[in-house]
Amino acid sequence: NQHRFPGVMIKARLLSHYPYSHSFGHVLGYVGRINAQELAEIDTINYSASHYIGKLGIEKYYEEELHGKVGYQEVENDATGRSVRVLKEIKAIPGKNIYLTIDSGLQFVAEKALGSQRGAIVAIQPATGQVLAMVSQPSYDPNIFVLGINQKDYKELQQSENRPLFNRALRGLYPFASTIKPYLALQALNTGVVTAEYSIYDPGWFQLRNYSRRYHDSTKNGHGSVSLNNAIAFSCDIYFYEIALKLGIRRMGDILTQFGFGDVTGIDLEEELPGTVASPEWKRKMKGVRWYEGDTVISGIGQGFMQATPLQLAAATATLANRGERFMPYLLLGEQVSDKTYSPQAPIPLESVVLKDAQYWDTVINAMKEVVASPRGTARRYGRQHTYTIAAKTGTAQVVSRRNPEQEDNQANMPERFRDHHLFIAFAPVDNPKIAIAIITENSNTAIEAARSVLDYYLGNRTTATQPTRQYVNRPTQNKTEKTSA
């Protein structure tokens, strides 16, 4: 029908579509129209057949690999616009097929486990560093950005109090809370500050010499006599106030840095934040005031200025599972150029955490097993009916300070946004770790239940996974046709 519409030309466009919508929004990111800033930075010839470019996530990080090279045809047409012959052709080079480490089934389970709660779940394969799942809730539908989102809808996403555009897994900065305790325990053992048998008496409070302020335990009347094992299993704050003072902030910062805190992990995404390993120099620079002994005390239970992302917590938990062997977290499982051979991504080793005595790893990991297994463990509601061994640590991060710490902490009576955040780190099975996870639930105490769903699925019944086990991204070959009249 071309002859019926003189001057009209039909052109095909290449558009991306994300079939899993919200489920992979924060991992894949999206492509959108090339803006003025990007136009000044790219090879405009290579983008002459496309108006789209990766904006976030995998789409942005692997833009060059996914895009390929544009092809051309110089065509001779007759008077009706019909092609007569090809005068010249430069073939397009297809972009690579990018395969990701994400286990789609696990991703869906993790997403469901968080439900409507704000938070994040990151799961890593300890032996390689492969990221098996990365969920940030709430998420967004990347498809709405492909053709361009209108100002009203974008403003609604931006101003939503639940912040769906915010990638909590990569950029959420949360207090360590009690998840810091296994790392400090390792440092205390390694530096000889304490032994595995060292114990204290916990009356429910701690007081610095010559100071009137009392630092309280999570249990009003204390835990009584507490060893290192019980201090981790029951999450005894008083024990770690003592440990913090014995170690000092320098040695605390040293072990955290060895596990990768205070720096980006290096994952193949560009939006990651480094978190904070606080020090006297950091506080002077950022706050303009000196470091106090009380700062060291509260750092011992992961409060104060210390901050980490869920990704950092998961990577450090994987290092615990490996007893010091570290790998960079990564999402690229492998890539394939057109119909050529598939090339897998090799694990990326990092500098290991080396202790003076390997027994220290066993001491701390055995204590983490009691977090779930002991009738007094802080994760005892995880339950015992599971087919795998698990080492874990819980954490509770205060959102607002208690006016009177001695009063009963009734979270249910507080406004929802003022309630504590809850953290959970774990790896399983203990003797042959296949998965390490970190979970944060904002203003909600559901992290333990979420962890149970994720680990049960990955280590047990996987029949609920109806989606592909690997998610991939690819883009079609891009061609530009130039026509010349006869």
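Refer to the preceding data block for the structure.
Everything numeric in this text was worked out from a predicted model, so none of it was measured. (Residues numbered from 1 in each chain as written. Predicted model: local features only at pLDDT ≥ 70, side-chain atom pairs only at ≥ 80, totals over all residues. Heavy atoms only, no water.)

1. Focus: the overall build of the protein chain
Then step 1. A tally of helices and strands in the protein chain yields 16 helices and 20 strands.
Then step 2. Across its three principal axes, the protein chain shows a C-alpha extent of roughly 95 × 45 × 40 Å.
Then step 3. In the protein chain, which comprises 486 residues, the share counted as buried stands at 51%.
Then step 4. In the protein chain, 70% of the contacts between residues at least 6 apart in sequence involve partners at least 24 apart.
Then step 5. Just so you have it, the protein chain exposes about 23,700 Å², and 48% of that area is on carbon and sulfur atoms.
Then step 6. Here the protein chain contributes 53 positively and 48 negatively charged side chains, and the mean placements of these two sets differ by 3 Å. (Helix = DSSP H or I, 4+ residues; strand = E, 2+ residues; numbered from the N terminus. Buried < 20%, exposed > 50% of the residue type's maximum accessible area, 1.4 Å probe, protein only. Contact = heavy atoms within 4.5 Å. Areas by Shrake-Rupley, 256 points an atom, 1.4 Å probe, with all protein chains shown as cover. Lys, Arg positive; Asp, Glu negative; His and termini not counted. Charge placed at Lys NZ, Arg CZ, Asp CG, Glu CD.)

2. Some details on a nonpolar patch on the surface
Then step 1. Together, Phe5, Val8 and Ile10 make up a nonpolar patch on the protein surface, roughly 340 Å² of accessible area in all.
Then step 2. Following the sequence through the fold, Phe5 ends up in the segment before helix H1 (25-28). (Patch = residues over 30% accessible without salt bridge, like charges linked within 9 Å, V, L, I, M, F, W, Y side chains within 5 Å. Salt bridge = Lys/Arg side-chain N within 4 Å of Asp/Glu carboxyl O.)

3. Looking at the environment of Tyr154
Then step 1. Within the fold, Tyr154 resides in helix H7 (residues 151-159).
Then step 2. Judged by relative accessible area, Tyr154 falls into the partly exposed class, the value being 29%.
Then step 3. Aside from chain neighbours lying at most four places away, what touches Tyr154 is Phe145, Ile149 and Leu165.

4. Here's the deal with the pattern of salt bridges
Then step 1. With the rule as written, the count across this model stands at 13 salt bridges.
Then step 2. Measuring nitrogen to oxygen at the nearest pair gives 3.4 Å for the salt bridge that ties Glu270 to Lys60. Of this pair, Glu270 sits in the loop between helix H11 (237-258) and helix H12 (280-287) while Lys60 sits in helix H3 (residues 57-61), and the two are 210 residues apart along the sequence.
Then step 3. For Glu270, a relative accessible area of 45% puts it in the partly exposed group.
Then step 4. By relative accessible area, which is 36% here, Lys60 ends up partly exposed.
Then step 5. Here Arg118 makes a salt bridge to Glu442, at a shortest N to O gap of 3.6 Å. Here Arg118, found in the loop between helix H5 (104-114) and strand E6 (119-124), pairs with Glu442, found in the loop between strand E18 (435-441) and helix H16 (447-459); they are 324 residues apart in sequence, far enough to count as distant.
Then step 6. Judged by relative accessible area, which is 9%, Glu442 ranks as buried.
Then step 7. Connected through salt bridges with shared partners, the residues Arg118, Arg168 and Glu442 form a single ionic network.

5. Structural notes on empty space enclosed by the protein
Then step 1. Scanning the entire structure with this criterion turns up three cavities of 30 Å³ or more.
Then step 2. Its boundaries defined by the atoms lining it, the largest cavity holds a volume of some 60 Å³.
Then step 3. Along its surface, the largest cavity is lined by 13 residues, and His22, Ser23, Val135, Ser136 and Ser139 are the ones closest to its centre.
Then step 4. Among the elements of the structure, H1, H5 and strand E7 (131-137) are those that each provide at least two residues to the lining of the largest cavity.
Then step 5. When the residues that make up the lining of the largest cavity are grouped by side-chain class, the tally is four nonpolar, eight polar and one charged. (1 Å grid on protein atoms, 1.4 Å probe; cavity = no way out; pocket = protein on both sides within 12 Å on 5 of 7 lines; lining within 4 Å. Points joined across faces, edges and corners; volume = space filled by probe spheres on them. Nonpolar A, V, L, I, M, F, W, Y, C, P; charged D, E, K, R; others polar.)

6. Looking at the packing of aromatic side chains
Then step 1. With the rule as written, the count across this model stands at 21 aromatic pairs.
Then step 2. Relative to Phe259, the ring of Tyr183 has its centre 4.8 Å away and its plane inclined at 65°; by these criteria the two rings are edge-to-face. With Tyr183 in helix H9 (residues 181-190) and Phe259 in the loop between H11 and H12, this pair connects stretches of sequence that are 76 residues apart. Just as Tyr183 is buried, Phe259 falls in that class too.
Then step 3. Each member of the aromatic cluster is reached from another via a ring pair, and the members are Phe176, Tyr183, Phe259, Phe261 and Trp361.
Then step 4. Its end group placed over the ring of Phe166, Arg163 keeps NZ or CZ at 4.1 Å from the ring centre. (Phe/Tyr/Trp six-rings, centres within 6.5 Å; stacked < 30°, edge-to-face > 60°. Lys NZ or Arg CZ within 6 Å of the ring centre and 35° of its normal.)

7. Section: H5
Then step 1. With nine of its eleven residues buried, H5 lies for the most part within the structure.
Then step 2. Among all positions in H5, only Ser104, Gly105, Leu106, Gln107, Phe108, Val109, Ala110, Glu111 and Leu114 are buried.
Then step 3. Of the surrounding elements, those touching the buried residues of H5 are H1, E6, E7, E18 and H16.
Then step 4. Regarding H5, its N-cap is Asp103, as a side-chain oxygen of that residue lies 3.1 Å from the backbone nitrogen of Gly105 further along.
Then step 5. In the stretch just after H5, Gly115 is the one whose phi turns positive, near 60°. (Polar contact = N/O pair within 3.5 Å; in protein donor to acceptor, adjacent residues only side chain to side chain.)

8. Remarks on the sheet that holds strand E17 (residues 421-428)
Then step 1. Read from one edge of the open sheet, five strands run E7-E6-E18-E17-E16, paired in antiparallel fashion. Edge positions in the sheet fall to E7 and strand E16 (391-397), since each of these pairs with one other strand and no more. When the angles between neighbouring strand axes are averaged without regard to direction, this sheet yields 5°.
Then step 2. Pairing of E17 with E18, which is carried by seven bridges, proceeds in the antiparallel orientation. Bridging from a neighbouring strand, Phe424 pairs with Ile439 of E18. (Pairing = 2+ DSSP bridges. Axes fitted to C-alpha atoms, helices over the stretch in contact; angles between N-to-C directions.)

9. Describing the pairing of E17
Then step 1. Burial runs high along E17: eight of the eight residues are buried.
Then step 2. Neither face of E17 is open: one carries His421, Leu423, Ile425 and Phe427, the other His422, Phe424, Ala426 and Ala428, and all of them are buried.
Then step 3. Inspection of the sheet shows E16 paired to E17 by seven bridges, in the antiparallel sense. Within E17, the residue paired with Ala392 across the bridge is Ala426.
Then step 4. A loop of six residues connects E17 with E18, the two strands running antiparallel in sequence.

10. Re the side chain of Asp268
Then step 1. If you trace the backbone, Asp268 turns up in the loop between H11 and H12.
Then step 2. The class of Asp268 is buried, set by a relative accessible area of 6%.
Then step 3. For Asp268, the side chain forms a polar contact with the side chain of Tyr62, separated by 2.6 Å.
Then step 4. Looking at Asp268, its side chain comes within polar contact range of the main-chain nitrogen of Leu331, at 2.9 Å.
Then step 5. Sequence-distant contacts of Asp268, defined by excluding residues within four places in its chain, comprise Ile58, Tyr61, Tyr62, Pro329, Tyr330, Leu331 and Leu332.

No statement about biological role is implied by the geometric values presented.
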